[in-house]
Amino acid sequence: MSECVTTEVRGTTGVIALDRPKALNSLNPGMARAIDAALDAWRDDDAVEQVVIHSTGKHFCSGGDVRAAREGMLDGREVEVDAFFADEYAMNLKIANYPKPYIALCSGVIMGGGMGVSAHGSHMVVAEDAFASMPEMNIGYITDVGMSWLLQNLPKAPSQSLGAFLGLTGYRMSPDDMLATGLATHKVATLDGVLDGIVAQGPGYVDTIALDAGESELLSLTDDIDSAFHGPWAEIQERLSGELAELVEKLTAQASPSSLVAAAELFAANAAQDLAGALDNERRLGAVMLREPDFAEGVRAVLVDKDHAPRFAPQPDPAKYRGVLR
């Protein structure tokens with residue numbers, strides 16, 4: 001058990017609460033182990049009919065604890081860091097394959113590892129103040145926690161190009177974007193009382209309070225995205241033009257060139273994989289990225305010194321990343 005995660009059974013509902021508000025609930029190894037243990041305990045428990053994961057604070061989850069991962073790599077604890085990511089990815093697959101309703105209640109920030117413990121479940125309920133993003137390019141890493149597969153296999157908008165766009169740019173999806181693509185299953189005005197409603201009435205309660213979808217700005221971009229976002233990053237760059245080029249330039253202004261190159265290769269490779277294979281590719285490529293200087297530098301610039309002035313390596317040839325992937 002982790003002091004940053006509490007678990008309990010309320011009626012027929014297993015409840016997982018993320019409680020690390022000062023770090024925006026960024027997942028550390030203890031938190032991941034606590035979530036995993038709860039899922040194992042409730043899987044075959046007939047008294048537990050559904051699982052809910054939520055946050056005790058304003059924000060759902062800002063991602064994995066990459067500051068700790070950076071420190072581990074710099075201290076020579078590579079095996080420990082590799083194990084954390086491998087365990088996290090195994091947990092993501094477990095959520096996707098969970099035999100009972102798994103309901104994520106999300107408000108505020110849903111980024112990185114936060115997507116991994118929400119978007120793979122059967123229900124992702126987002127409040128009107130929520131946004132979702134995969135910003136790994138800015139810290140010298142790659143799109144992970146299975147999102148390099150899910151983002152190109154969204155239930156209502158399956159598209160390798162759209163997935164690559166979301167992963168490479170870190171575009172912030174609004175609740176309406178999430179609904180329109182099928183990333184989220186429900187939008188609600190507030191999460192207040194939603195857990196109590198599920199405990200009392202089961203997963204169907206969220207259907208009774210769900211709001212209609214509004215306009216999705218993301219979907220207005222899909223034609224241009226489909227034309228540009230396929231193949232290696234260098235080729236994507238050559239195809240970009242007009243308003244989409246301006247948007248991508250803005251969104252990737254502080255991105256690691258190496259991450260952009262590597263992630264483009266990852267999305268292409270995972271177009272032919274299932275989720276398990278995609279997670280394995282993320283693990284393989286992630287181990288490479290963790291050992292490159294851009295990871296330590298990116299985390300330093302964004303989360304340690306917070307000067308947002310990274311000194312990244314020049315854009316590399318994609319072959320070194322392509323060779324790692326299946």
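Above this note sits the structure.
Residues numbered from 1 in each chain as written. Predicted model: local features only at pLDDT ≥ 70, side-chain atom pairs only at ≥ 80, totals over all residues. Heavy atoms only, no water.

Visitor: Can you break down the overall build of the protein residue by residue, with the values?
Guide: If you tally the helices and strands in the protein, you get 16 helices and eight strands. For the protein, whose C-alpha radius of gyration is 19 Å, the value lies close to the compact-globule estimate of 20 Å for 326 residues. By its C-alpha atoms, the protein is 55 × 45 × 35 Å across when sized along the principal axes. Taking the intrachain contacts of the protein between residues at least 6 apart in sequence as the baseline, contacts between residues at least 24 apart amount to 71%. Element-wise, carbon and sulfur atoms account for 49% of the exposed surface of the protein, whose accessible area totals about 13,300 Å². (Helix = DSSP H or I, 4+ residues; strand = E, 2+ residues; numbered from the N terminus. Rg over C-alpha atoms; globule rule 2.2 N^0.38 Å. Contact = heavy atoms within 4.5 Å. Areas by Shrake-Rupley, 256 points an atom, 1.4 Å probe, with all protein chains shown as cover.)

Visitor: Pulling in residues and values, what's your account of unusual backbone geometry?
Guide: At Leu24, a residue that is not glycine, the phi angle is positive and equals roughly 50°. With respect to the helices and strands, the residue Leu24 is situated in the loop between β2 (13-18) and α1 (29-43). A positive phi angle, close to 50°, is found at His308, a residue other than glycine. Locating His308 in the fold gives a position in the loop between α15 (293-304) and α16 (319-322). Relative accessible area serves as the criterion here: at 39%, His308 is assigned to the partly exposed category. (Buried < 20%, exposed > 50% of the residue type's maximum accessible area, 1.4 Å probe, protein only.)

Visitor: An account of the pattern of salt bridges is needed here, citing residue identities and associated values.
Guide: Applying the stated criterion across every chain, the model contains 18 salt bridges. Arg20 is the partner of Asp65 in a salt bridge, and the nearest nitrogen-oxygen pair spans 3.2 Å. Of this pair, Asp65 sits in the loop between β3 (50-55) and α2 (66-74) while Arg20 is found in the loop between β2 and α1, placing the two residues 45 residues apart along the sequence. Its salt-bridge partner being Arg326, residue Asp280 comes within 3.8 Å of it at the nearest N-O pair. With Asp280 in helix α14 (residues 275-290) and Arg326 in the segment after α16, this pair connects stretches of sequence that are 46 residues apart. Among the residues examined, Asp280 registers a relative accessible area of 21% and is labelled partly exposed. (Salt bridge = Lys/Arg side-chain N within 4 Å of Asp/Glu carboxyl O.)

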